[in-house]
Amino acid sequence: MERTLVIIKPDGVQRGLVGEVVKRFERKGLKIVGMKMMPLNEMLLREHYSHIADKPFYPGVEDFMKSTPVIILCLEGLESVGAVRVICGITKAREADGGTIRGDFAMSVACNVVHASDTPENAQAEVARFFKDEELFSYDKTEYLHVYLDEER
Ligand code: ADP
């Protein structure tokens with residue numbers, strides 16, 4: 001099973017959306033294998049957002065991401081990277097589909113409630129960046145019997 005990283009961003013924490021966001025992943029059938037709250041510092045953000053660090057809007061994104069501690073989740077499931085991106089919706093939240101987290105709860109490009117890994121390779125790197133081994137848990141989820149066929153598990 002694939003693992004992916006989600007960050008509930010400062011706007012999600014400030015707006016009381018943590019439970020709502022986690023609920024959406026849980027009800028989909030994804031397994032929470034890691035979850036914690038932490039503040040993000042400049043060094044970590046520059047690494048995490050290296051693909052946008054030279055953009056003119058980056059300083060604003062960095063200030064925003066440092067403004068409040070965030071919730072970090074590691075979710076596990078079959079092709080979970082893609083499944084989680086669908087639940088989150090596109091970057092520009094005001095144009096994201098209704099039913100997605102960004103589509104339902106945000107208007108901004110920057111303040112879009114969640115980050116989610118975009119490829120399995122990036123997911124692996126991001127999970128390792130934000131979680132120590134001992135903060136990730138393997139366990140049987142009895143619900144899997146009803147979420148997947150035997151051959152999918
Ligand atoms: P995504 O988070 O959907 O994978 P990107 O990796 O392109 O999107 O961008 C990372 C984050 O940087 C976005 O989620 C958003 O918070 C911020 N961002 C991206 N583009 C812009 C922009 N044009 N203006 C302000 N912030 C942006």
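Below: a short report on this structure. (Residues numbered from 1 in each chain as written. Predicted model: local features only at pLDDT ≥ 70, side-chain atom pairs only at ≥ 80, totals over all residues. Heavy atoms only, no water.)

1. Considering the pattern of salt bridges
Note that side chains of opposite charge can pair when their charged atoms are close. The test is simple: The term salt bridge refers to a side-chain nitrogen of Lys or Arg lying within 4 Å of a carboxyl oxygen of Asp or Glu. In DSSP terms, a helix is any run of H or I states spanning at least four residues, a strand is any run of E spanning at least two, and both are numbered starting from the N terminus. Under the scheme applied here, a residue whose accessible area is under 20% of the maximum for its type counts as buried, over 50% as exposed, and between as partly exposed, the area being computed with a 1.4 Å probe on protein chains only.
Applying the stated criterion across every chain, the model contains 12 salt bridges. Of the charged contacts in the structure, one is a salt bridge between glutamate 20 and lysine 23, with a shortest N-O distance of 3.8 Å. Of this pair, glutamate 20 and lysine 23 both sit in helix H2 (residues 18–28), 3 residues apart, roughly one helical turn. Assessed through its relative accessible area of 42%, lysine 23 is described here as partly exposed. With a shortest N-O distance of 3.0 Å, arginine 24 and aspartate 104 are connected by a salt bridge. Of the two residues, arginine 24 sits in helix H2 while aspartate 104 sits in helix H6 (residues 101–105), which places them 80 residues apart along the sequence.

2. Digging into the site of the ligand
Heads up, the rule is: Residues are labelled near a given molecule or strand when at least one of their non-hydrogen atoms is within 4 Å of it. We call two N or O atoms a polar contact when they sit within 3.5 Å, provided that within protein one can donate a hydrogen and the other can accept it, with sequence-adjacent residues counted only if both atoms are side-chain atoms. For every accessible area listed, the method is Shrake-Rupley and the probe measures 1.4 Å; residues are considered covered only by the protein chains on display. We place a 1 Å grid over just the protein atoms. Points where a 1.4 Å probe fits but has no way out form a cavity, open points with protein on both sides within 12 Å along at least 5 of 7 lines form a pocket, and any residue with an atom within 4 Å of a point lines it. Each molecule is assigned to a cavity or pocket provided more than half of its atoms lie within 2 Å of the corresponding grid points. Note that Gly is not counted as nonpolar here; it falls among the polar residues with everything else outside the nonpolar set of Ala, Val, Leu, Ile, Met, Phe, Trp, Tyr, Cys and Pro and the charged set of Asp, Glu, Lys and Arg.
Around the ligand sit Lys9, Tyr49, His51, Ile52, Phe57, Val61, Arg85, Thr91, Arg102, Val109, Ala110 and Asn112, and those are all the residues in its vicinity. At 2.7 Å from an oxygen atom of the ligand is found a side-chain nitrogen or oxygen belonging to histidine 51. Here alanine 110 contributes a backbone N or O atom positioned 2.8 Å from an oxygen atom of the ligand. Bound to the protein, the ligand loses 77% of the 530 Å² it would expose on its own. Of the pockets mapped on this structure, the ligand occupies the largest pocket. Its residues assigned to classes, the shell around the ligand shows 6 nonpolar, 3 polar and 3 charged.

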